[in-house]
Amino acid sequence: MDATAIKTLIEENVSSNVFAVWFLAGAALVFWMQAGFAMVEAGFTRAKNTGNIIMKNLMDFCIGTVVFIAIGFSLLMGEDLVGLIGKPGFDIFTSYSNFDFSSFVFNLVFCATTATIVSGAMAERTKFLSYCVYSAIISALIYPIEAHWIWGGGWLAGLGFHDFAGSCAIHMVGGISALIGAKLLGPRIGKFQKDENGKVVKVNAFPGHNITIGALGVFILWVGWYGFNGAAATSVPQLASIFLTTTIAPSVATVVCMIFTWVRYKKPDVSMCLNASLAGLVAITAGCDVTDAFGSIIIGAVAGLLVVFGVWFLDYVLHIDDPVGAVAVHCLNGIWGTIAVGLFATSSAPGYSIADAGGNTIVGLFYGGGFKLLGLQLLGFASVACWTALAITVTFLLIKGIIGLRVSREEEVTGLDITEHGLPSAYAGFAMLPEDVTEDGEGTSEVTGDTPVEAAIVVDGDVPAAEAIPVKKMPTFASDGHKYTKVEIICKEAKFERLKNAMMKLGITGMTVSHVLGCGMQKGTPEYYRGVQIEANLLPKIQVDIVVSKVPVREVIETAKKVLYTGHIGDGKIFVYDVENVVKVRTGEEGFDALQDVE
């Protein structure tokens, strides 16, 4: 063997070992995505369910590992049986020395991703036991069987269907399962307001309690996606091209979503743009190895619009409650990404290998390949979708009939942290606001669909409050002939400094400031969360109390209005009261004299 041949052999061995290590490192990045899913779901939902969500995202991987060992891996990667399933077996126990450890770990982390997608759409009202059961079934049967068709040597792989990293096998399957699960489960209490005929007349927004955590989750997922899409690359040029397309598509999707929501809702929607980043990643996953920059741009742009449409369609047309947008992100864009391969696959991509059953190279419609690849992609989408819909529907119906899917109304109102896990709060040391208490002091059922009024005050007693408390008219002027007026200003915390400085310029140096919680419904410039107008909610406010005599009351009012006005809901209110007398405790001064050092 000459020197050139030896050098080539060494380079091939080094390259092979490097990519074997990268394959496992990519699997570790995909596992890290579990943290991203947990953060997105927790941030986009309410604080009282955070512990439950963390527990679900932990257990779907752990339970998935157990069932994947038992049966899932062999159904996915075992010896092919008539193109439909892998041969069940226990090679991990009976032939450990010859076992493909890397393949097991890699396929396991992908399997766990499929199960965790479902969690978000069914968040805040699903029994934990039921979640564990259907998560196990997805990991043991539903995902391994259809993934075998695509990656395990099954019938779709033989035809030339292409799904490099899982737009169809993982995201669409998880998204369809999420859609069906959320439909069978029903919406969260108060999400949809219905009339006396049961028709939905209003959609209510439930803003996520921690968008910061949600954003962190998106960034974690984006980093993990480089392993998700790139781990199976076999050359440096192919890996670099995959990184390029995996960067372009979500970036374009996010920009398109930002512009659209800015135009549609007058402000760029933060949570929707976070969803759009994930939508772009999902859409490029199937074709990340076979598309170029132009194809990635188009795929991302469509994904950015599709995710907004999906969230709107579920809320306003299907009336299905998906707290985190899992269906719009994973189902719709999983379908779009699968079909997009048939449109944008190009042989100019490094390591291009799509071929039909006869071994003939085929490319996308827009690159001169005709409809053949597009037809294969549509066939793959339809067959996997039918299998998933049938299997998951049977699964959910059996669970619903045997142990039930949904927690009770009282458990949902109280929160799943305490009722399912005995955890008073995932935020020990922080005072959390009560949620979902309605006018009658109880949670409303999904049947009535009453609008939730958070932390409503319930008054008990036989005599109405207005009759039980006598109204006493206070004199306009005090006994010393001076008029004292209390001006009470409720405003946003962020406006307090400007208000304080404006009052001091008027000569008012004394004021009482309190932190309060405001709840109310009023007209004004509407605010939106994920395309749904935000209604009343408990929000932190500042209450400023000022008593004046020398300074004109009208001047105080006009100054406060000028400082506080934005035209948006929550600018505040000003209340004006007559005061009978003022007493300064330190000196005993009363009336006009008691106010001399504060105005």
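Residues numbered from 1 in each chain as written. Predicted model: local features only at pLDDT ≥ 70, side-chain atom pairs only at ≥ 80, totals over all residues. Heavy atoms only, no water.

J.: What am I meant to see in the overall build of the chain here?
T.: When its secondary structure is counted, the chain shows 18 helices and ten strands. The 599 residues of the chain split such that 50% are buried. At a minimum sequence separation of 6, the contacts of the chain that also span at least 24 residues come to 76%. Of the roughly 26700 Å² of accessible surface on the chain, 65% is carried by carbon and sulfur atoms. (Helix = DSSP H or I, 4+ residues; strand = E, 2+ residues; numbered from the N terminus. Buried < 20%, exposed > 50% of the residue type's maximum accessible area, 1.4 Å probe, protein only. Contact = heavy atoms within 4.5 Å. Areas by Shrake-Rupley, 256 points an atom, 1.4 Å probe, with all protein chains shown as cover.)

J.: Sorry if this is basic, but what is going on with the packing of aromatic side chains here?
T.: In this description, an aromatic ring pair is defined by two values, namely the gap between the centres and the angle between the planes. Counted by the stated rule, this structure contains 26 aromatic pairs. Taken together, a centroid distance of 6.4 Å and an interplanar angle of 55° make the contact between Trp-149 and Trp-387 tilted. Of the two residues, Trp-149 is situated in helix 5 (residues 128-151) and Trp-387 in helix 13 (residues 372-402); the sequence distance between them amounts to 238 residues. You can call Trp-387 partly exposed: its relative accessible area is 23%. (Phe/Tyr/Trp six-rings, centres within 6.5 Å; stacked < 30°, edge-to-face > 60°.)

J.: Explanation requested: the state of the cysteines in the structure shown.
T.: What we call a disulfide is simply a covalent bond connecting the sulfur atoms of a pair of cysteines. A full pass over the atoms with the stated rule returns zero disulfides. Summary of cysteine pairing: Cys-273 is not part of a disulfide, and the nearest cysteine sulfur, belonging to Cys-257, is at 4.2 Å. Overall, the relative accessible area of 12% leaves Cys-273 in the buried class. (Disulfide = S-S within 2.5 Å.)

J.: For this particular structure, what's the right way to read the sheet that holds strand 9 (residues 539-548)?
T.: The pairing of strands in a sheet happens through backbone hydrogen bonds and is either parallel or antiparallel. Overall, antiparallel pairing links the four strands, which are arranged 6-9-5-10 in an open sheet. Only two strands of the sheet have a single neighbouring strand rather than two, namely strand 6 (512-518) and strand 10 (573-579). Put simply, the sheet's adjacent strands are angled 25° from each other on average, direction ignored. As judged from the seven bridges shared by strand 5 (residues 484-492) and strand 10, these two strands associate in the antiparallel manner. By the bridge assignment, Val-487 is partnered in strand 10 with Val-576. Those strands touched by helix 17 (residues 496-505) are strand 5, strand 6 and strand 9, and its axis lies near 10° from that of strand 9. Along the sheet, helix 18 (residues 553-564) contacts strand 5, strand 9 and strand 10; its crossing angle with strand 5, the most-contacted strand, is approximately 5°. (Pairing = 2+ DSSP bridges. Axes fitted to C-alpha atoms, helices over the stretch in contact; angles between N-to-C directions.)

J.: Would you mind showing me how to read unusual backbone geometry here?
T.: Glycine aside, residues mostly have negative phi, and peptide bonds are mostly found in the trans state. Positive phi values are uncommon outside glycine, yet Glu-124 reaches one of about 80°. Structurally, Glu-124 is set in the loop between helix 4 (101-121) and helix 5. The phi angle at Lys-266 is positive, at roughly 75°, despite the residue not being glycine. Positionally, Lys-266 belongs in the loop between helix 9 (236-265) and helix 10 (270-285). Look at Lys-266 and you get exposed, because its relative accessible area is 61%.

J.: For this particular structure, what's the right way to read empty space enclosed by the protein?
T.: To find the voids left in a structure, one rolls a probe of water-molecule size over its atoms. As enumerated under the stated definition, the model contains three cavities of 30 Å³ or more in all. Of the volumes computed, that of the largest cavity is approximately 150 Å³. Lys-191, Val-311, Asp-315, Asp-322 and Arg-530 are, among the 18 residues lining the largest cavity, the residues nearest its centre. Here the lining of the largest cavity gets four residues from one element, more than from any other, and that element is helix 11 (residues 293-318). Taken together, the residues of the lining of the largest cavity sort by class into ten nonpolar, two polar and six charged. For the lining of the second largest cavity, the secondary structure elements donating two or more residues are helix 1 (3-43), helix 4, helix 10 and helix 12 (326-344). When the residues that make up the lining of the second largest cavity are grouped by side-chain class, the tally is eight nonpolar, five polar and one charged. (1 Å grid on protein atoms, 1.4 Å probe; cavity = no way out; pocket = protein on both sides within 12 Å on 5 of 7 lines; lining within 4 Å. Points joined across faces, edges and corners; volume = space filled by probe spheres on them. Nonpolar A, V, L, I, M, F, W, Y, C, P; charged D, E, K, R; others polar.)

J.: Explain the pattern of salt bridges to me, please; I cannot follow it from the model alone.
T.: Pairing between side chains becomes possible if they bear opposite charge and their charged atoms approach one another. All chains considered together, the criterion is met by 14 salt bridges. The residue Arg-554 makes a salt bridge to Glu-558 at a minimum N-O spacing of 2.9 Å. Residue Arg-554 and its partner Glu-558 are both found in helix 18; the two are separated by four residues, about one turn of the helix. Its relative accessible area of 52% is what places Arg-554 among the exposed residues. Each of the salt bridges in this network shares a partner with another, and the network as a whole consists of Arg-46, Glu-124, Arg-188 and Asp-321. (Salt bridge = Lys/Arg side-chain N within 4 Å of Asp/Glu carboxyl O.)

J.: Looking at this structure, I do not really get helix 12. What am I missing?
T.: The α-helix advances 3.6 residues per turn, and as a result positions three or four apart in sequence lie on the same side. Helix length check: helix 12 (19 residues) gives 25 Å between terminal C-alpha atoms against 27 Å at 1.5 Å per residue, within 8%. Most of helix 12 is tucked away: 18 of the 19 residues are buried. (Expected span 1.5 Å × (residues − 1).)

J.: Would you mind showing me how to read the environment of Leu-58 here?
T.: Structurally, Leu-58 is set in helix 2 (residues 50-77). Once the C-alpha coordinates of Leu-58 and Gln-34 are considered, the two residues, 24 residues apart in sequence, prove to be 7.7 Å apart.

J.: Sorry, what's going on with the confidence of the model for the chain here?
T.: Confidence in the prediction for the chain averages 87 pLDDT; 86% of positions are at 70 or higher. Every residue in residues 471-476 scores below 50 in pLDDT, and together they form six contacts with partners more than four places removed in sequence or on other chains. (pLDDT = per-residue confidence, 0-100.)

J.: Honestly, the layout of surface pockets in this entry has me stumped. Any pointers?
T.: Taken as a whole, the second largest pocket spans an internal volume of roughly 380 Å³. Forming the walls of the second largest pocket are 19 residues, and the residues nearest its centre are Phe-106, Trp-151, Asp-163, Phe-164 and Ala-232. At the level of elements, helix 4, helix 5 and helix 8 (211-230) are the ones that each hand at least two residues to the lining of the second largest pocket. Per element, the largest residue contribution to the lining of the second largest pocket is four residues, and it comes from helix 4. A per-class count over the lining of the second largest pocket returns twelve nonpolar, six polar and one charged.

J.: Is there a simple way to think about a nonpolar patch on the surface in this case?
T.: Residues Leu-129, Leu-390, Val-394, Leu-398, Ile-402 and Ile-403 make up a contiguous nonpolar surface patch of roughly 580 Å² in combined accessible area. Examining the composition of the nonpolar patch, we find that four residues originate from one element, helix 13, more than from any other. For Val-394, the location among the structural elements is in helix 13. The partly exposed category is assigned to Val-394, whose relative accessible area is 42%. (Patch = residues over 30% accessible without salt bridge, like charges linked within 9 Å, V, L, I, M, F, W, Y side chains within 5 Å.)

J.: What am I meant to see in the pairing of strand 4 (residues 200-203) here?
T.: Looking along a regular strand, one sees the side chains alternate between the two faces of the sheet. Here strand 3 (residues 192-194) runs beside strand 4; their pairing, made up of three bridges, is antiparallel. In the strand pairing of strand 4, Gln-193 is matched with Lys-202. Hairpin connection, strand 3 to strand 4: the antiparallel pair is bridged by five residues, and Gly-198 has positive phi, about 85°.

J.: Honestly, the packing of helix 8 against helix 9 in this entry has me stumped. Any pointers?
T.: The contact between helix 8 and helix 9 brings their axes to 10 Å, and the two run at 135°. Taken as axis vectors, helix 8 and helix 9 run oblique relative to one another. In this structure, helix 8 crosses over helix 9, and the sense of that crossing is right-handed. Contact residues: Trp-222, Trp-225, Tyr-226, Asn-229 and Gly-230 in helix 8; Leu-239, Ile-242, Phe-243, Thr-246, Thr-247, Pro-250 and Ser-251 in helix 9. Broken down by class, the residue content of the contact of helix 8 with helix 9 amounts to seven nonpolar, five polar and no charged. (Parallel < 35°, antiparallel > 145°, perpendicular 65-115°, else oblique. Left-handed = near helix turned anticlockwise from the far one by under 90°.)

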